[in-house]
Amino acid sequence: MKKKFRLSEITKREQIGQAVARLDAMFKAATAAKDSKTALQAQRELNRLLDLYTGPGRSESGGEEVTDLRRQLDLIAGHLLPLKLADEGYPVEEHARLAAEFIRTAKR
């Protein structure tokens, strides 16, 4: 059975792919220039982006918390994105900000 992806998931995956490619290029350029400080910064950012710092040291409940938070964020996005207050490619935070602004303006 094929897994269906929402447009926001596809956009996020594309953005992560682009960020990984850019960080990789930055790391290679810094290494070639013998700029270890920049290379290390690029590697740290790549590790953070790919969530490589989470490992066996984290408790399982922490993982469940993250899963719950992601589920909640997906539910929030499910309510906000259909309002079409902003392009679907914008972060959920921007959709929430615009929705709040709309509500504040409507109450005046």
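Thresholds applied
- Throughout this document, residue positions are counted from 1 along each chain, in the order its sequence is written.
- pLDDT decides what is reported in this predicted model: residues at 70 or higher carry local features, side-chain atom pairs at 80 or more are listed and counted, and totals for whole chains, interfaces and linings draw on all residues regardless.
- Each side-chain value is worked out from all heavy atoms of the structure, with water and hydrogens disregarded.
- A helix here means a DSSP run of H or I that spans at least four residues, while a strand means a run of E at least two residues long, and both kinds are numbered starting from the N terminus.
- Expected helix span is given by 1.5 Å per residue-to-residue step, counting one fewer step than there are residues.
- The buried label applies to any residue whose accessible area, calculated with a 1.4 Å probe on protein chains only, is under 20% of its type's maximum; exposed applies above 50%, and partly exposed to all values in between.
- Arc definition: directions from the helix axis to the C-beta atoms.

Draft legend 1. Looking closely at helix H4 (residues 92-106). With 15 residues, H4 ought to run about 21 Å at 1.5 Å a step, and its terminal C-alpha atoms sit 21 Å apart, in line with that. Within H4, the full set of buried residues consists of Val 92, His 95 and Ala 99. Burial along H4 is one-sided: seen end-on, the buried residues are contained in an arc of 60°.

Draft legend 2. Region of the structure containing the environment of Thr 11. Topologically, Thr 11 is positioned in helix H1 (residues 7-32). Taking the C-alpha atoms as reference points, Thr 11 and Glu 88, 77 residues apart in sequence, are found 8.9 Å from one another.

Draft legend 3. The arrangement of the environment of Lys 28 in detail. Within the fold, Lys 28 resides in helix H1. Along the backbone, Lys 28 and Ala 42 are 14 residues apart, and their C-alpha atoms lie at a distance of 9.4 Å.

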